Number of protein chains: 4
Amino acid sequence: MLNRVILIGRLTKDPELRYTPSGVAVTQFTIAVDRPFTSQGGEREADFIPVVTWRQLAETCANYLRKGRLTAVEGRIQVRNYENNEGKRVYVTEVIADNVRFLESNREGGAGGGGQREETPFGGSGSGGGNTGRSNNFSRGNQNDPFSDDGKPIDISDDDLPF
Amino acid sequence: MLNRVILIGRLTKDPELRYTPSGVAVTQFTIAVDRPFTSQGGEREADFIPVVTWRQLAETCANYLRKGRLTAVEGRIQVRNYENNEGKRVYVTEVIADNVRFLESNREGGAGGGGQREETPFGGSGSGGGNTGRSNNFSRGNQNDPFSDDGKPIDISDDDLPF
Amino acid sequence: MLNRVILIGRLTKDPELRYTPSGVAVTQFTIAVDRPFTSQGGEREADFIPVVTWRQLAETCANYLRKGRLTAVEGRIQVRNYENNEGKRVYVTEVIADNVRFLESNREGGAGGGGQREETPFGGSGSGGGNTGRSNNFSRGNQNDPFSDDGKPIDISDDDLPF
Amino acid sequence: MLNRVILIGRLTKDPELRYTPSGVAVTQFTIAVDRPFTSQGGEREADFIPVVTWRQLAETCANYLRKGRLTAVEGRIQVRNYENNEGKRVYVTEVIADNVRFLESNREGGAGGGGQREETPFGGSGSGGGNTGRSNNFSRGNQNDPFSDDGKPIDISDDDLPF
DNA sequence: TTTT
DNA sequence: TTTT
């Protein structure tokens, strides 16, 4: 009935932009959130939490987030499940974000490097809003469709569309 | 750096109280949280989210929560992992709660039935506070220790203590 | 940059539905949220937090919420200010809700009584969505416009529209 | 029953550390949180939200936060009221924080300037925890007690202690 | 493996 | 001015 998550942490890798078969943008990334205490052994620990964004927000994240960036994520916990290739049901827990805030601009710190896409965010993020279907900034041929040729089991489909 | 979750939903089963080898109370339950939209097929869907509480709060939850009860949970997302009996790393995502609110008193509705424990909450919940170690309301012999004889791989240990 | 509030408490009064001059629905109510501790003197205390909802959500709240009902509110803190009739700047802090959950159906407990409007919610609430402008369930003449004739300084206007 | 706020914004001024008559540390500051939309006129707007921290956390905030710093605040909304010198009841809404995260270290950007206190945070913040009473990092004579000689009406007292 |  |  109510399901709200707020996280602040750092991306463990550059985000991955994909499209569902019907052409809806999805971006996945993981954020490392330091725990507020140390383990028995005294080491700093973190939770590595998978985040999914859809549509316009997916494209903004793919464009401006990079490995190492401090980021705030707001969304809901989703538990989906699918049958894997051994016929076993697998449960996947993710945060479906509807609001993402870039807490570090592209100049400062971060793992930086190799940004082959835009260099400047245009002011934070949106909130899930706007255009349904595929943005035309992102042309897509069959060849580079991550949902048909990346070898891994396809585990995000149009059925997973959250709205 | 910041990790906050708030959920409102219903318990899918009575909660399960256990103790770690060193005697710390842990209670696990799952809450079903209806999604704010229906699926393509038009059915209501829900996320089934595992919740863990520790110490005093674990005992309060075990005493007063029951299957079907509407409940608010506040906590953080934790992703732990362990190696299963086939040597494969398994990831488990849970909400570690530090605040649980009973939104339905024991009188009204609910699945009711068979409450062999207390019948009245004494005013909501605490917030993780208080006594370390084991409460003496809960005697425990070796025989009924869920961590040594329930047949399933032991997947919660003192190493998982969150504070 | 991020502003999120979640409250669970009880309405101190029936909600008040009004319309801005241009006809947008606004509902205001106050929820009493018990503090998690008692005062020095040992009394239970509560915070009385003003909540504002707009448009479709305003109408749903006006229809289904009543004094005493347990309610969950999700939104953002807003601090607006205006000049009062003595020329002094007054600051008003409110929660602008975009999600409201009715945690008690109309049957159970509550202050009940005098419900001259609908008796059954149709499943929770929405989330700010939908129709701009005025719903036609709510006819409104100049005479009963709370924004032109209630004697009090008009302190909500179209300028306060949050989206 | 549940009251949770999470904010990310920038301090409008350096924080103010004070002590209650019995010597408990309190720090107040305001954070400016940009709204997620622009006003009718198209200007960026912000909410200016007063924040209060107590005890150990108050001292950490006073030491490390400065005007302009990007900061995450977690806490609860509190509405207190007092009678002013004209005998009128005044309502004050504040966020009582139990967790504060410094999202910008002291090197980068910010309004910088004139930091006459420590230059390096020792790793974020705590969470309200720890020592009751006054830390001995902060010597205090009668003369510089902000609660006895600052001329302004004393509006925070030991009665406001949240725990 | 799921709740109302 | 406040709710159970």
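Residues numbered from 1 in each chain as written. Chains lettered and ligands numbered in written order. Predicted model: local features only at pLDDT ≥ 70, side-chain atom pairs only at ≥ 80, totals over all residues. Heavy atoms only, no water.

Participant: I'd like to hear about the interface of chain A and chain B, residue by residue, with values.
Facilitator: One widely used convention gives an interface's size as the accessible area the parts lose upon coming together. Taken together, the contacts link 27 residues of chain A with 27 residues of chain B. Among the residues chain A hides against chain B, the three largest losses belong to A:Met1, A:Leu2 and A:Ile77. Together they make up 22% of the total. Counting across the interface, chain A meets chain B through two salt bridges. For B:Arg76, the salt bridge goes to A:Asp47, with nearest N and O atoms at 4.0 Å. Mapped by element, the contributors of at least two residues to the side of chain A that touches chain B are β1 (2–11), β3 (25–38), β4 (44–54), β5 (70–83) and β6 (89–102) of chain A. Among the elements that make up the side of chain A that touches chain B, the one with the highest residue count is β1(A) (seven residues). (Contact = heavy atoms within 4.5 Å. Buried area = accessible area lost by both parts, 1.4 Å probe. Salt bridge = Lys/Arg side-chain N within 4 Å of Asp/Glu carboxyl O. Helix = DSSP H or I, 4+ residues; strand = E, 2+ residues; numbered from the N terminus.)

Participant: Tell me about the relation of the copies chain A and chain B, residues and numbers included.
Facilitator: Each copy of the chain is related to the other by a rotation around an axis and a translation along that axis. The transform that puts chain A on chain B rotates by 180° and translates by 0.0 Å along the axis, for an RMSD of 0.0 Å. Each copy turns onto its partner about a two-fold axis. In terms of C-alpha distance to the rotation axis, chain A has A:Val5 as its closest residue, with the C-alpha 2.2 Å off the axis. In this assembly the copies share their binding face: 100% of the residues contributing to the interface of chain A also contribute to that of chain B. (Least-squares fit on C-alpha atoms with pLDDT ≥ 70 in both.)

Participant: Would you mind going over the protein's contact with DNA strand F in detail, with residue names and values included?
Facilitator: Neighbouring DNA strand F are 13 residues, the closest being C:Arg10, C:Ala32, C:Asp34, C:Phe48 and D:Tyr91. At 3.5 Å, a side-chain N or O of C:Asp34 approaches a base nitrogen of DNA strand F. In this structure, a phosphate oxygen belonging to DNA strand F sits 3.2 Å away from a side-chain N or O atom of D:Tyr91. Sorting the residues of the surface near DNA strand F by element identifies β1 (2–11), β3 (25–38) and β4 (44–54) of chain C together with β6 (89–102) of chain D as the ones contributing at least two each. Top element by residues in the surface near DNA strand F is β3(C). It accounts for three residues. (Near = heavy atom within 4 Å. Polar contact = N/O pair within 3.5 Å; in protein donor to acceptor, adjacent residues only side chain to side chain.)

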